[in-house]
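Letter by letter, the chains look like this.
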Amino acid sequence: MDPVFRALAVYFFLLLVFRIIGKRSLSQITSFDFLLLLIVGEATQQALLGQDYSITNALLVIMVLVGVDYLLAMLKERSRAVERILEGAPLIVVANGKVLETRIKRAGLDEDDVLKAARLKHGLERMEQIKYAIQERDGNISIIPYSTERDPA
Amino acid sequence: MPAAVFRGYPPMASGGSGCYFLMKSWQCGWPKVALKDIETIKHSVELKEFHKFHVWIWRLQYLFMALVVVTAILTVAGLFGDGWMSRTQIVDDDAAVVYQRFARYGNDTVLETRLSGNNASVEVPLEYFERFRLDSVVPEPREQRVRGNRIVFEFSTGEAMTARFHLVPRRSGASETTIVVGGASFPVAQFTWP
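Not measured: the values here are computed from a predicted model.

Criteria and thresholds
Counting restarts for each chain, with residues numbered from 1 along the sequence as it is written. Naming scheme: in the order in which they are written, chains are lettered from A and ligands are numbered from 1. Where local features are concerned, this predicted model is filtered to residues with pLDDT of at least 70; where side-chain atom pairs are given and counted, the filter is 80 or more; whole-chain, interface and lining totals use all residues. The way it works is that DSSP assigns letters per residue, a run of H or I at least four long becomes a helix, a run of E at least two long becomes a strand, and they are numbered from the N terminus. A pair of residues counts as a contact when their C-beta atoms, built from backbone coordinates, are within 7 Å of each other. Two strands qualify as a pair provided that DSSP identifies no fewer than 2 bridges between them. The axes are straight lines fitted to the C-alpha atoms, using for helices just the contacting stretch, and the angles between their N-to-C directions are given from 0 to 180°. Here the term charged refers only to Asp, Glu, Lys and Arg, the term nonpolar to Ala, Val, Leu, Ile, Met, Phe, Trp, Tyr, Cys and Pro, and the term polar to all other amino acids, Gly among them. Between the first and last residue of a helix there are one fewer steps than residues, each counted as 1.5 Å, and that sum is the expected span. To assign burial, the other C-beta atoms lying within 10 Å of each residue's own C-beta are counted, with C-beta atoms placed from the backbone; 20 or more indicates buried, 12 or fewer indicates exposed, and intermediate counts indicate partly exposed. It is the directions from the helix axis to the C-beta atoms that the arc portrays.

S.K.: Describe the overall build of chain A, with residues and values.
M.R.: Counting its regular elements, chain A contains six helices and four strands. Intrachain contacts of chain A at a sequence separation of at least 6 include 56% that bridge at least 24 residues.

Set out below in structure tokens:
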């Protein structure tokens, strides 16, 4: 039972930590975030396997991790509430060219992040050209620009 | 200053340090992030924002950060071993025992016994070694034998000395035992984190 409990404990702890810390999509991670992920991976390895380096133990741990992940995916499919808890909810951070300060700050973003997404995805130049910017559940920023006929620029 | 998210507190961007910010938030109870602080907007995007849910998550973030700070302080203090909270010293005339109250599973810990020259023996219950694996004893005992349910370590010395038992916890949880050092009994209570 030991590998099962180890895998479950590590999985749920990491799920909790990364869920609470905030959203950041893979495309947004900085080199420091990447380094942090490597260190976390290294630190978890010992906790997952203990002193049992057998193939059986490794296979058991993998099976438990994949199993619990599949189970959570099923739960998310069946319950919107579970999905929201595990994946989060989208949040509008810019509306009608105006930055919503409380929202953007609490979402862990700043204007530069929004402008970067606007430049990359739509080639926009200014905040006023953005109708809505939305922090999606996966941490990505979606940009909805004003249509050309309504573009204030 | 954003619309009253942290009303009454200096925002971090305007010179207030993170520590001050966290401290003030904590002193005043629940972090000042309320549903009413989120800007209300009418939008045409087909999505549900769940404002209450976001506020709940933001508050959890505060609590988590506070927990991280508290855990870091407690770790330095020795809650997980090697610190003033963990180090325990019991002295009885000529003998003494020094050990870590908190240990971590699979991680070395040292039980130190200070002996007088007159009676240089240490008696440890056998059951103690079911919880802790004995890696080494420094200096090496002159003699080691089993007496009843105890192991007796005899050291060859004519003067005061310190014997260190290097142990590795092999079970997590609490353990209590009595160790006899130079004829005096010492209660040893330890907790091993998983």
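S.K.: An account of the sheet that holds strand S2 (residues 95-100) of chain B is needed here, citing residue identities and associated values.
M.R.: All names here are of chain B. Across the sheet, which stays open at both edges, the five strands sit in the order S1-S2-S4-S9-S6 with antiparallel pairing between neighbours. If you trace the sheet from one side to the other, it starts and ends with strand S1 (87-92) and strand S6 (132-138), each paired once. Sheet twist, expressed as the mean angle between neighbouring strand axes with direction ignored, is 15°. Note: S2 against strand S4 (residues 109-115), three bridges, orientation antiparallel. Note on S4: the bridge partner recorded for Ala96 is Arg114.

S.K.: Lay out the sheet that holds strand S2 (residues 98-99) of chain A with the relevant residues and their values.
M.R.: Residues and elements named next belong to chain A. Strands sit in the order S2-S1-S3-S4 across an open sheet of four strands; the sheet is antiparallel. Each end of this open sheet is capped by a strand with a single partner; those strands are S2 and strand S4 (141-145). Bridge count between strand S1 (residues 91-95) and S2: two bridges; the pairing is antiparallel. Counterpart to Val94 in the pairing with S2 is Val99. Its contacts with the sheet place helix H6 (residues 111-122) against S1, S2, strand S3 (130-135) and S4, and it is angled at close to 65° to S4.

S.K.: Describe in detail the interface of chain B and chain A, supporting the description with residues and values.
M.R.: The interface of chain B with chain A comprises 20 residues on the first partner and 18 residues on the second. In terms of residue class, the side of chain B that touches chain A is made up of 13 nonpolar, four polar and three charged.

S.K.: Describe helix H1 (residues 2-21) of chain A, and please don't skip the residues or the numbers.
M.R.: All names here are of chain A. Along its 20 residues, H1 runs 28 Å from first to last C-alpha, staying within 8% of the 28 Å computed at 1.5 Å per residue. Residues of H1 that are buried include every one of Pro3, Arg6 and Ala7, and no others. Projected down its long axis, H1 carries its buried residues within an arc of 95°, all on one side. Facing away from the buried side of H1 by more than 90 degrees, the exposed set consists of Phe5, Phe12, Phe13 and Leu16. On the buried face of H1, the contacting elements are helix H2 (31-49) and helix H3 (55-78).

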